[in-house]
Amino acid sequence: MLLAIGNDGQFQRFCAVAGRPQWASDERYASNTLRVRHRGTLVPMIGALTRTRNTADWVALLSDKAVPCGPINDIGTAFADPQVRARGLVVQQQRTGDDGVAESLATVASPLRLQATPPVLRRAPPRLGEHTDEVLVALGLDAPRIASLRAQGVV
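Residues numbered from 1 in each chain as written. Predicted model: local features only at pLDDT ≥ 70, side-chain atom pairs only at ≥ 80, totals over all residues. Heavy atoms only, no water.

Asks: Could you clarify how one ought to interpret helix 9 (residues 143-151) in this entry?
Replies: One side-chain oxygen of the residue at the start of helix 9 lies 3.0 Å from the amide nitrogen of R145, identifying that residue as D142. Looking one or two residues beyond helix 9, the residue adopting positive phi is G153, at roughly 80°. (Polar contact = N/O pair within 3.5 Å; in protein donor to acceptor, adjacent residues only side chain to side chain. Helix = DSSP H or I, 4+ residues; strand = E, 2+ residues; numbered from the N terminus.)

Okay, here's the thing in structure tokens:
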């Protein structure tokens, strides 16, 4: 979970909701500057406390208290998010797999929405090493030198 307590009011509201109002009145944590100075003690306490509930519970508790927080999603969860789907941020792109068979990849679309010049995805993400030879040739290496680097395990 990402918890972004950036000012004194947010810290006080977090402490109240979390059942630790004494933290907000502790002189070591009275201001953001002091919290940063004493983060060596504060961060482990917050970490231990936040592990007592799951992310969804914390988000539900804090979202209407103006304490910024949210889940850290894996790719599957992020792609399934209703807002991501509504904005069309998942696009399917085609590329040829290592075995020569066409495959479809779910990739991230540009979040920019420009009417006159919309972003265009021209190519799917490359397979590992797919463009190695063309990059090395563009850098001035000839075929024997590339073969030598490959034999040495450099590329």
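Asks: Got a minute to help me understand the pairing of strand 4 (residues 102-108) in this structure?
Replies: It is a general feature of regular strands that their side chains alternate between the two faces of the sheet. In this sheet, strand 4 lies alongside strand 3 (residues 90-96) in antiparallel orientation, the contact comprising 7 bridges. If you follow V90 over to strand 4, its bridge partner there is V108. Joining the antiparallel neighbours strand 3 and strand 4 is a turn of 5 residues, in which G100 adopts a positive phi near 85°. (Pairing = 2+ DSSP bridges.)

Asks: How do you make sense of the nonpolar core when you look at a structure like this?
Replies: Taken as a class, soluble globular proteins show a tendency for nonpolar side chains to be buried jointly. F11, F14, W23, L49 and W58 are the most contacted members of the largest nonpolar core, which has 13 residues in total. Within the residue set of this core, elements represented by two or more residues are helix 1 (8-17), helix 4 (39-50) and helix 5 (55-62). Those residues in contact with L49, other than ones at most four positions away along the chain, are F14, A18, R20, W23 and W58. (Core = buried A, V, L, I, M, F, W, Y, C linked by side-chain atoms within 4.5 Å. Buried < 20%, exposed > 50% of the residue type's maximum accessible area, 1.4 Å probe, protein only. Contact = heavy atoms within 4.5 Å.)

Asks: Would you mind going over the layout of surface pockets with me for this structure?
Replies: If a probe the size of a water molecule is rolled over the atoms, the empty space left behind becomes visible. Of the voids in this model, the largest pocket is the one considered here, and its volume is about 350 Å³. In terms of lining residues, the largest pocket is bounded by 14 residues, among which L3, R39, L42, V43 and I46 are the most central. The set of elements that each furnish at least two residues to the lining of the largest pocket consists of helix 3 (32-37) and helix 4. For the lining of the largest pocket, the element with the most residues is helix 4, which contributes 6 residues. For the lining of the largest pocket, the class distribution of residues is 9 nonpolar, 3 polar and 2 charged. (1 Å grid on protein atoms, 1.4 Å probe; cavity = no way out; pocket = protein on both sides within 12 Å on 5 of 7 lines; lining within 4 Å. Points joined across faces, edges and corners; volume = space filled by probe spheres on them. Nonpolar A, V, L, I, M, F, W, Y, C, P; charged D, E, K, R; others polar.)

Asks: Quick question: what am I supposed to make of the pattern of salt bridges here?
Replies: Opposite charge on two side chains permits them to pair, given that their charged atoms come into close proximity. Per the counting criterion, the structure on display carries 6 salt bridges. The shortest N-O distance in the salt bridge between R28 and D26 comes to 2.6 Å. Its relative accessible area of 34% is what places R28 among the partly exposed residues. Between R95 and E103 there is a salt bridge whose closest N-O contact spans 2.7 Å. (Salt bridge = Lys/Arg side-chain N within 4 Å of Asp/Glu carboxyl O.)

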